[in-house]
Amino acid sequence: RDYPVLLEVPLVTSTKVAQLTSQFKYEKWTFNKTVPGPFIRARVGDVVELSLTNRDVTGNPHNIDSHAFTGPGGGSALTTVEENQTKTARFKLLWPGLYVYHCAAAPLPVHIANGMSGLMYVQPEEGDLPPVDHEYYVMQSEFYHEPPEELEDGRRSQIVEFSYPNALREDPQVVVFNGSESALTRDRPLTAKVNETVRIFFGNAGPNLTSSFHALGTHFINAYLDGDVLRDPAHFMQTVSVPPGSAAIMDLKMFVPGTYALVDHAIFRLDKGAVGYLNVSGKPRPDIYQSALPPNPCVGCKLHP
C-alpha cells in the first residue's frame, strides 16, 4: 500500500500442549494458537486497532508490548486482559522497521519464555524493500524446563514443565526456531529454486540469549541490521548478531541446489535444537561448486541431511 489505513489486528491468548523436541511436549502460551505469534504487516501512518482476547484457562493475565508502538509500555497497560476479557486500543505507527512484540504481563520473562512473542513489520512511508521471490518468518527462542517427572509405572513423563531457576541462570534446555525442534526441518523447511531470491524476517524472542544467525553455504547479500530499513543494508554477510528483543532482515540469492542449514552459530545450540533447512531445487552449477567425487555427508549430521 502507498496510503495509511485503520489496520484491525485481532489476537487471542490461549495455552496448548505441543511438541517441543523429539522427546518432550510442553505447555506453550500462544497468540492465535501459534508460537511464535502471527506476523503482522503494516505501514508508517497506519493506525493499528489491536484487539486482545484472553482465553487462557489457567487464569493468567496477558497483554501486548509492541516495540513498534510509541507510548508507555508499548501498549501493555492499555491491553492487559484477564481470563475471558477483551480489550481494544489504537496505536499510530510512527517509524518503519522490523519490531518484536510480546506479552509483558507479570512476571514478564515467564510469558516470553513460554512462547508469547512475534514480529511486526512496519513498511516505510515512501517505498519498501526490493521485491524477492520468497519471504519467510523465522523467530528464535529458548525454552527452560525441569527434568521429566517419573510416572507411577516408572516411565518418564513425555511432558516437561517450565523451570524458573534454569531461566534465571540463563541455562536453556532447548533453543529453537519457530517454537519447536522440528519446525523448520521435518515440519516446514524453507524452499526455493536456483536463481530465486529469499528474504528472511528474523526475530529473537530470547528471553536471554543473543543469536548469531548463519546460513551454511550461502551469504546474506543484503542484511538490514537491527530491523532498520532506512539505512543502507550491509552486504555479503556471513553471520548476523541479533540480541534478545531485536530483529533483522536478511536477503539471499540461491545459486547452487541442495540443503542449506540455518543455525545459531553459537554452535553447541545445534544440539539443543537450533537448526532449520532451506531446500533449494534446480540444476547443478559445476562452475561454482563441483568435485570429481560425490558428496559424502558425515553419519548422523544434522547440518547436511
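Our subject is the structure listed above.
Everything numeric here is computed off the predicted structure, so don't read it as measured data.

## A short note on the overall build of the protein
Within the protein, the secondary structure is distributed over four helices and 19 strands. Here the C-alpha atoms of the protein give a radius of gyration of 20 Å, agreeing with the 19 Å that 2.2 N^0.38 yields for 305 residues. Judged by the C-alpha coordinates and their principal axes, the protein covers about 65 × 65 × 30 Å. The 305 residues of the protein split such that 50% are buried. A separation threshold of at least 6 residues defines the contact pool for the protein, and within that pool the share at least 24 residues apart is 72%. By element, 53% of the accessible surface of the protein is carried by carbon and sulfur atoms, the whole surface being about 14,800 Å². Put simply, the protein has 25 plus and 33 minus side-chain charges, and the middle of one group is 5 Å from the middle of the other.

## A closer look at the packing of aromatic side chains
In the structure shown here, the tally under the stated rule is eleven aromatic pairs. Centroid distance Phe-69 to Phe-91: 4.1 Å. Interplanar angle 5°. Geometry classified as stacked. Of this pair, Phe-69 sits in the loop between strand E5 (65-66) and helix H1 (76-79) while Phe-91 sits in strand E6 (residues 86-92); the two residues are 22 residues apart in sequence, bridging distant segments of the chain. For Phe-91, a relative accessible area of 7% translates into the label buried. Through successive ring pairs, a cluster of aromatic residues spans Phe-39, Tyr-121, Tyr-137 and Phe-201. When the ring centre of Tyr-3 is taken as origin, the NZ or CZ atom of Arg-1, which lies over that ring, is 6.0 Å away.

## Considerations on a nonpolar patch on the surface
Judged by side-chain polarity, Phe-255, Ile-288 and Tyr-289 come together as a nonpolar surface patch covering roughly 350 Å² of accessible area. The topology assignment puts Phe-255 in the loop between strand E17 (246-253) and strand E18 (258-264). A relative accessible area of 38% means that Phe-255 is categorised as partly exposed.

## Some words on the pattern of salt bridges
Per the stated rule, a full pass over the model turns up twelve salt bridges. For Asp-153, the salt bridge goes to Arg-155, with nearest N and O atoms at 2.7 Å. With its nearest N and O atoms 2.8 Å apart, the salt bridge here joins Arg-285 to Asp-287. By relative accessible area, which is 25% here, Arg-285 ends up partly exposed. For Asp-287, a relative accessible area of 58% puts it in the exposed group.

## Regarding the nonpolar core
Soluble globular proteins: nonpolar side chains tend toward being buried together. With 28 residues, the main nonpolar core has Leu-190, Ile-200, Phe-202, Phe-213, Phe-220, Met-250 and Met-254 as its most contacted residues. Look past the residues within four positions of Ile-200 in its chain and what remains in contact with it is Tyr-136, Val-138, Leu-190, Phe-213, Ala-248, Ile-249, Met-250, Leu-252 and Leu-262. Core analysis: the second largest hydrophobic core is formed by 26 residues, Leu-7, Phe-31, Met-116 and Val-122 among them.

## Looking at the side chain of Thr-21
Relative to the helices and strands, Thr-21 resides in the loop between strand E1 (6-19) and strand E2 (25-31). Residues within four places of Thr-21 in sequence aside, it is in contact with Val-174 and Glu-181.

## Looking at the sheet that holds E18
Read across the open sheet, the five strands follow the order E12-E19-E18-E14-E16; overall the sheet is mixed. For this open sheet the edge positions go to strand E12 (190-193) and strand E16 (239-242), each flanked by a neighbour on one side alone. With direction set aside, neighbouring strand axes in the sheet form an average angle of 20°. Pairing geometry for strand E14 (residues 211-215) and E16, over four bridges, is antiparallel. Looking at E16, one finds that His-214 is bridged to Thr-239.

Quick notes on the rules
Throughout, residues of each chain are indexed from 1 in the direction in which the sequence is written. Local features in a predicted model are, by the rule used here, given only for residues with pLDDT of at least 70; side-chain atom pairs are given and counted only at 80 or more, and totals for whole chains, interfaces and linings are based on all residues. Values reported for side chains reflect all heavy atoms of the structure, with hydrogen atoms and water molecules removed beforehand. Going along the chain from the N terminus, every DSSP run of H or I of four or more residues is numbered as a helix, and every run of E of two or more is numbered as a strand. For the radius of gyration, the atom set is restricted to C-alpha positions; the globular benchmark scales as 2.2 Å times the number of residues to the power 0.38. Residue exposure (1.4 Å probe, protein chains only): buried if accessible area is under 20% of the type maximum, exposed if over 50%, otherwise partly exposed. Contacts are assigned to residue pairs that have any heavy atoms within 4.5 Å of one another. Values of accessible area rely on a 1.4 Å probe in the Shrake-Rupley scheme; residue burial ignores everything except the protein chains shown. As used throughout, the charge tally considers Lys and Arg to be positive and Asp and Glu to be negative, leaving His and the chain termini uncounted. Note that the charge is assigned to NZ on lysines, CZ on arginines, CG on aspartates and CD on glutamates. The aromatic pairing rule takes the rings of Phe, Tyr and Trp, using the six-membered ring of Trp, and pairs them if the centres are within 6.5 Å, calling planes under 30 degrees apart stacked, those over 60 edge-to-face and the rest tilted. Any Lys NZ or Arg CZ found within 6 Å of a ring centre and within 35 degrees of that ring's normal is scored as a charge over the ring. Patch construction takes residues with relative accessible area above 30% that form no salt bridge. Like charges are linked within 9 Å, and nonpolar side chains (Val, Leu, Ile, Met, Phe, Trp, Tyr) are linked within 5 Å. Salt bridge criterion: a side-chain nitrogen from Lys or Arg within 4 Å of a carboxyl oxygen from Asp or Glu. In plain words, nonpolar cores are sets of buried Ala, Val, Leu, Ile, Met, Phe, Trp, Tyr and Cys residues tied together by side-chain atoms within 4.5 Å. Paired strands, in this sense, are two strands between which DSSP finds at least two bridges. Every axis in this analysis is a line fitted to C-alpha atoms, fitted for helices over the stretch in contact. Angles between the N-to-C directions lie between 0 and 180 degrees.

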